[in-house]
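Chains, contacts and geometry: an overview
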2 protein chains.
Amino acid sequence: MALNAQQKSVIQKTLPSERVFFDFSDRSEYTKDATEMIFPPDALFMAETEEELVQAVRLCRQIELPLIIRGAGTGYSGGALAVQGGLLVSIENIDEIKIDTRTKTAVVGPGAITGDIMKAAEKENLFYPPDPASFKESCIGGNLAENAGGLRCKKYGVTKDYVLACRGIDAEGKIIEIDHSSPFGLLDLMIGSEGTLFVFSEITLRLLDLPRPGNTIQAVFDDTVDAASVVAEVTAAGIVPCIMEFMDGDAIACSNRYDPDHRIEEGAAMLLFETDGAAADNETAAIKAVCEKYAATALRLADDSETRENLWQTRRNLSKAVKSAYKSKISEDVCVPPSRLPQLVAYVSRLAKKLPIRVNCYGHAGDGNLHVNFLGQIGDKKENQAITEGVERLFDKTLALEGTLTGEHGIGITKKDYMGREFSPSTMRCMHRLKKCLDPENLVNPGKIFP
Amino acid sequence: MALNAQQKSVIQKTLPSERVFFDFSDRSEYTKDATEMIFPPDALFMAETEEELVQAVRLCRQIELPLIIRGAGTGYSGGALAVQGGLLVSIENIDEIKIDTRTKTAVVGPGAITGDIMKAAEKENLFYPPDPASFKESCIGGNLAENAGGLRCKKYGVTKDYVLACRGIDAEGKIIEIDHSSPFGLLDLMIGSEGTLFVFSEITLRLLDLPRPGNTIQAVFDDTVDAASVVAEVTAAGIVPCIMEFMDGDAIACSNRYDPDHRIEEGAAMLLFETDGAAADNETAAIKAVCEKYAATALRLADDSETRENLWQTRRNLSKAVKSAYKSKISEDVCVPPSRLPQLVAYVSRLAKKLPIRVNCYGHAGDGNLHVNFLGQIGDKKENQAITEGVERLFDKTLALEGTLTGEHGIGITKKDYMGREFSPSTMRCMHRLKKCLDPENLVNPGKIFP
């Protein structure tokens, strides 16, 4: 879909020309996101103010052009891809961060980097908990659009648990202000709508007092079942570590190849815990005891920030490590009730043996959110087929275990064809009606979510 | 609005006649709720199954009659009142409760009594935390419709935090199944929509492990400022009691008149705490120490269930006690950021001195939710005027303190005229669009929420 001359001319006349681009040879990052798929938009606009976002929405209405908002492009479901062409509006420069210590809130632009918000809060002894693995790069606006979770979400909740209010622009180009007291769950409608209903222009976040730091505990197991038993036993004991991550043996191997300086002991599975708050020391001791009971090897305890950061770095780089080991990966983030996680992990390892590609997994053990990676050459027809088959089987198993197809990455384009498996026709119909009601011209992020 | 002959005949033909009533002389409870306002419906249907709810919705569409769902009628905002006549459908007999200990969930009918759900869960060592003061009578369906909070909500959250899924009937009479993973915040749209969008037919609730019981602490203060300081200091110390209730001096007096057997020491303010969980004993000791620092009188500690129940009974009966003392009351449940609560309480006591009626207050100190009662004779013109003036001033002050007009009771008919003060025209417009999209004929609970 190329722009016609009139559309191009209206864009050039309406938006500040020095921040509008039609050529992507030097800007290929704006044609993709973490899915590795490539969709060049018709035009790119680097917005700097809310007023410019309003202009962009109105402009797209006027010339009937799709509008796609892009944060940092770290999403795994294609939410920021211009799949039908259109005007891609980057919000990365709308990134102001204002911390209010009196109300313990942060008022931020949608382009503010999640990690920068955390740092700004920490300076005031405050805490923004949601930490998707990409938090050092991801934008808060994208976190809201996908309702991102993160490593700490079992204890501290997900993005929407910290959004007090937001300003945005509706599909008619009108500013709308919503807060947590707005009826009809309007705030929850905006958060997690994957850019298909609204454009965020300003976000007010709730902050917590910075908890007392605790310890990081790394434990490797020779048997995945032992690791799963540790998770079950820690949970049953009422211990809530702020993080409890799982990584399978193949993921460990990928990490070691990618980052040999921070080598993890090889094994069938690794667990990585972090404790915090008043009960941290007791919880650390209790977790250590459970790990020992299940014959953990390479049990490491870190209580200084450098050692801790090293241990976490391996987990945060894991997505890149797996990708670099296998050149390309299809990553799915399914989620099952935590009690069903051992069954799902066992299924993934059986699946890995059956398929002619590698399959590995890691994820947030506490809330049953598992990232399963299908690792093959996307160009290769046979491997492609195996990936598709693997994804379908994984989804079927997840639903059979009463799980959901996406824990935190969103539906976007990668999961929209599977929507009908998880959601009833009545749910789909209700969503269609809402989309049609709020964006009758299908202007905002078209081609996403709906099959 | 009387039924015409054709409408009446269709109702009689469609619904089981032994459970349809047109005369309310012996059924006056179905003409009112806790607001004391009286609105007789045109007809009452005591539904017993989901299929009958579907029939009722389709019937009302066919004969163009408003449909109102009624739980236990304990609401304070008029959500269950047939303000435009119509068919009132009671769900009180759709009250099955099934506890699943494996998944720690409860699948319940919308008419199940909240307190019965708690009891059924407790038998399995499980815990349903949301406890609106009326929980011994209120239906879970009504709790969902208003997203009820309760005494424990600071620590444990509100109703919507425990709803995993629900089935319901949309305004077209179609069954719709929604769960917490449904996109577009559909579950949050259903919960808290005050019966204006959907009819609940089955609800799946998340349960927690029953926490270790702790202690109840009652403390009376000679000065409201001291009580507020205790709340502030307990909160600042990171102590999260599962309940932290505030009651002013006039409310104490009402309670003592209503229930002299459980007399509370007279004073300017009372605080009632409850601790639970692993840290309960430490928290109890810390709370007691802070109360003593601020010269609490009549400090009582209860660690056996009978003494505890007696202390709580006074709080749970408080609404009735206030009503019985003053014959009639207008009760508003405003909510401000917890740090602003002392300012709001001080304002209410200034307001009480200015107005020619009694004003008292009590509420959930932990989350800034204050129930303010304007106590006058509703028939009396002068007192009526004072009540209206008091309510308006309270709302203005609440908004000035960055609060919200309803903490947990909903908007219904009692607050709809004030919607425009709190919500922007764009928010109101968005809500109108959603209502129109999901209930184009304004069939379900008309006359509520929207001014």
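Residues numbered from 1 in each chain as written. Chains lettered and ligands numbered in written order. Predicted model: local features only at pLDDT ≥ 70, side-chain atom pairs only at ≥ 80, totals over all residues. Heavy atoms only, no water.

Next up on the list: the overall build of chain A. Secondary structure summary: chain A contains 15 helices and 18 strands in total. Taken over C-alpha atoms, the radius of gyration comes to 22 Å for chain A, in line with the 22 Å a tight globule of 451 residues would show. Taken along the three principal axes of its C-alpha coordinates, chain A extends 70 × 60 × 45 Å. In chain A, which comprises 451 residues, the proportion classed as buried is 58%. (Helix = DSSP H or I, 4+ residues; strand = E, 2+ residues; numbered from the N terminus. Rg over C-alpha atoms; globule rule 2.2 N^0.38 Å. Buried < 20%, exposed > 50% of the residue type's maximum accessible area, 1.4 Å probe, protein only.)

So, about the relation of the copies chain A and chain B. Mapping between the two copies of the chain is achieved by a rotation about an axis and a shift along the axis. Laying chain A over chain B is done by rotating through 180 degrees and shifting 0.0 Å along the axis; what remains is an RMSD of 0.0 Å. One copy is carried onto the other by what is essentially a two-fold rotation axis. Both copies contact each other with a shared surface, as 100% of the interface residues of chain A are interface residues in chain B too. (Least-squares fit on C-alpha atoms with pLDDT ≥ 70 in both. Contact = heavy atoms within 4.5 Å.)

Attention shifts here to the pairing of strand 4 (residues 87–90) of chain A. Residues and elements named next belong to chain A. Along strand 4, one buried face is formed by Leu87 and Val89 and the opposite face, lined by Leu88 and Ser90, is buried too. Of the strand pairs in this sheet, strand 2 (residues 43–46) and strand 4 are connected by four bridges, and their pairing is parallel. Looking at strand 4, one finds that Phe45 is bridged to Val89. (Pairing = 2+ DSSP bridges.)

In this section: the sheet that holds strand 9 (residues 175–179) of chain B. Two strands in a sheet stick together by hydrogen bonds in their backbones, pointing the same way (parallel) or opposite ways (antiparallel). Residues and elements named next belong to chain B. Overall, antiparallel pairing links the five strands, which are arranged 5-6-10-8-9 in an open sheet. The open sheet has two edge strands with one neighbour each: strand 5 (97–100) and strand 9. In this sheet, neighbouring strand axes are inclined to one another by 20 degrees on average, regardless of whether the strands run parallel or antiparallel. Strand contacts of helix 3 (residues 114–123): strand 5, strand 6 (105–108) and strand 10 (198–206), with the helix running at about 35 degrees to strand 5, the strand carrying the most contacts. (Axes fitted to C-alpha atoms, helices over the stretch in contact; angles between N-to-C directions.)

With 43 residues of chain A at the interface, the matching set in chain B holds 43 residues. Between chain A and chain B the total buried area reaches about 3400 Å² when both faces are included, carbon and sulfur atoms providing 60% of it. Contact with chain B buries surface across chain A, with A:Pro183, A:Phe184 and A:Arg433 losing the most and accounting together for 23% of the total. Linking chain A to chain B there are twelve salt bridges. For the pair chain A and chain B, the interface holds 14 residue pairs in polar contact (both at pLDDT 80 or more). Considering every element that reaches the side of chain A that touches chain B, the biggest residue donor is helix 15 (residues 425–438) of chain A, with ten residues. Grouping the amino acids of the side of chain A that touches chain B by side-chain chemistry returns 20 nonpolar, ten polar and 13 charged. (Buried area = accessible area lost by both parts, 1.4 Å probe. Salt bridge = Lys/Arg side-chain N within 4 Å of Asp/Glu carboxyl O. Polar contact = N/O pair within 3.5 Å; in protein donor to acceptor, adjacent residues only side chain to side chain. Nonpolar A, V, L, I, M, F, W, Y, C, P; charged D, E, K, R; others polar.)

The next point concerns empty space enclosed by the protein. Residues and elements named next belong to chain B. Inspection of the entire model under this criterion finds six cavities of 30 Å³ or more. Reported here for the largest cavity is a volume of approximately 60 Å³. Taken together, 13 residues make up the lining of the largest cavity; nearest its centre are Leu151, Lys154, Ile243, Met244 and Gly366. It is helix 5 (residues 153–156) that contributes the most residues to the lining of the largest cavity, three residues altogether. When grouped by side-chain class, the residues that make up the lining of the largest cavity number seven nonpolar, three polar and three charged. Domain assignment of the residues forming the lining of the largest cavity places at least three in each of domain 2 (97–209) and domain 3 (213–400). (1 Å grid on protein atoms, 1.4 Å probe; cavity = no way out; pocket = protein on both sides within 12 Å on 5 of 7 lines; lining within 4 Å. Points joined across faces, edges and corners; volume = space filled by probe spheres on them. Domains from an automatic or database assignment.)

So, on to the packing of aromatic side chains. Taken as a whole, this structure holds eight aromatic pairs over all chains when the rule is applied. The interplanar angle of 70 degrees and the centroid separation of 6.0 Å between the aromatic rings of A:Phe184 and B:Phe450 together place this pair among those described as edge-to-face. With A:Phe184 in the loop between strand 9 (175–179) and helix 6 (186–190) and B:Phe450 in the segment after helix 15 (425–438), this residue pair bridges two chains. In this arrangement the basic side chain of A:Lys8 is found over the ring face of A:Phe22, its NZ or CZ atom lying 4.6 Å from the centre. When the ring centre of B:Phe21 is taken as reference, the NZ or CZ atom of B:Arg27 above it lies at 3.7 Å. (Phe/Tyr/Trp six-rings, centres within 6.5 Å; stacked < 30°, edge-to-face > 60°. Lys NZ or Arg CZ within 6 Å of the ring centre and 35° of its normal.)

Two side chains of opposite charge can pair, provided their charged atoms sit close to one another. Residues and elements named next belong to chain A. All chains considered together, the criterion is met by 68 salt bridges over all chains. Two residues, Glu52 and Arg19, come together in a salt bridge whose shortest N-O distance is 2.8 Å. Within this pair, whereas Glu52 is found in helix 2 (residues 50–62), its partner Arg19 is found in the loop between helix 1 (5–14) and strand 1 (20–21), the two being separated by 33 residues in sequence. Residue class for Glu52 comes out buried when judged on its relative accessible area of 11%. In this structure Arg19 comes out as buried when scored by relative accessible area, which is 13%.

What follows concerns the state of the cysteines. This structure, assessed with the given rule, holds zero disulfides over all chains. As a non-bridged cysteine, A:Cys242 has A:Cys153 as the owner of its nearest cysteine sulfur, 11 Å distant. Of all cysteine sulfurs, the one in B:Cys242 lies closest to B:Cys291, which takes part in no disulfide; the gap is 15 Å. Look at B:Cys291 and you get buried, because its relative accessible area is 0%. (Disulfide = S-S within 2.5 Å.)

This paragraph deals with the domain arrangement of chain A. Annotation of chain A at the domain level lists domain 1 (5–90), domain 2 (97–209) and domain 3 (213–400). Taken over C-alpha atoms, the centre of domain 1 of chain A sits 36 Å from the centre of domain 3 of chain A.

Once that is clear, we can look at unusual backbone geometry. Positive phi, normally seen in glycine, also occurs at A:Ile449, with a value near 65 degrees. Here A:Ile449 is to be found in the segment after helix 15. Among the residues examined, A:Ile449 registers a relative accessible area of 0% and is labelled buried. The backbone phi angle of B:Asn147 is positive, close to 45 degrees, even though this residue is not glycine. Residue B:Asn147 is classed as buried on the basis of its relative accessible area of 19%.

The next subject is the pairing of strand 10 (residues 198–206) of chain A. Residues and elements named next belong to chain A. The buried count for strand 10 comes to seven of nine residues, which makes it a mostly enclosed element. Across four bridges, strand 6 (residues 105–108) lies against strand 10 in antiparallel orientation. Bridge pairing links Val108 to Ile203 in strand 10. Across seven bridges, strand 8 (residues 163–170) lies against strand 10 in antiparallel orientation. Paired with Arg167 across the two strands is Glu202, which belongs to strand 10.

Now for the side chain of A:Thr204. Residues and elements named next belong to chain A. Its place among the elements puts Thr204 in strand 10. On the basis of relative accessible area, Thr204 is assigned to the buried category, the value being 18%. Ignoring sequence-local partners within four residues, the contact set of Thr204 consists of Thr105, Ala106, Val107, Tyr162, Val163, Leu164 and Ala165.

Our focus in this paragraph is helix 3 (residues 114–123) of chain A. Residues and elements named next belong to chain A. Buried within helix 3 are the following residues: Thr114, Gly115, Ile117, Met118 and Ala121. Looking straight down helix 3, one finds that the buried residues subtend no more than 155 degrees of arc, so they occupy a single side. For helix 3, exposure combined with an orientation more than 90 degrees from the buried face picks out Lys119 and Lys123. Of the residues flanking the end of helix 3, it is Asn125, one or two places downstream, whose phi is positive at about 65 degrees. (Arc of directions from axis to C-beta.)

Before going further, it helps to spend a moment on helix 9 (residues 280–293) of chain B. Residue and element names in this part refer to chain B. Taking 1.5 Å per residue, 14 residues should reach 20 Å; helix 9 reaches 20 Å between its end C-alpha atoms and fits that length. In this fold, the buried residues of helix 9 make contact with strand 12 (213–221), helix 7 (224–236), strand 14 (269–276) and strand 15 (297–302). Following helix 9 by one or two positions, Ala295 adopts a phi angle in the positive range, close to 55 degrees. (Expected span 1.5 Å × (residues − 1).)

What follows covers the packing of helix 12 (residues 341–354) of chain B against helix 13 (residues 381–400) of chain B. Residue and element names in this part refer to chain B. Direction vectors running N to C along helix 12 and helix 13 enclose 155 degrees, while the axes themselves pass 11 Å from each other. It follows from the interaxial angle that helix 12 and helix 13 lie roughly antiparallel. Crossing handedness for the pair helix 12 and helix 13: right-handed. Residues Leu344, Tyr347, Val348, Leu351 and Lys354 of helix 12 form the contact with helix 13, whose own contacting residues are Gly390, Arg393, Leu394, Lys397 and Thr398. (Parallel < 35°, antiparallel > 145°, perpendicular 65-115°, else oblique. Left-handed = near helix turned anticlockwise from the far one by under 90°.)

With that settled, consider the sheet that holds strand 18 (residues 369–375) of chain A. Residues and elements named next belong to chain A. Overall, antiparallel pairing links the seven strands, which are arranged 15-12-14-13-17-18-16 in an open sheet. Strand pairing shows two members of the sheet lacking a second neighbour, strand 15 (297–302) and strand 16 (330–335), which therefore form its edges. Looking at each pair of strands side by side, their axes are set apart by 15 degrees on average, direction ignored. In the sheet, strand 17 (residues 358–364) pairs with strand 18 via seven bridges, with the strands oriented antiparallel. Bridge pairing links Arg358 to Leu375 in strand 18. Of the strands in this sheet, strand 13 (243–248), strand 17 and strand 18 are in contact with helix 11 (residues 318–326), which crosses strand 17 at around 175 degrees.

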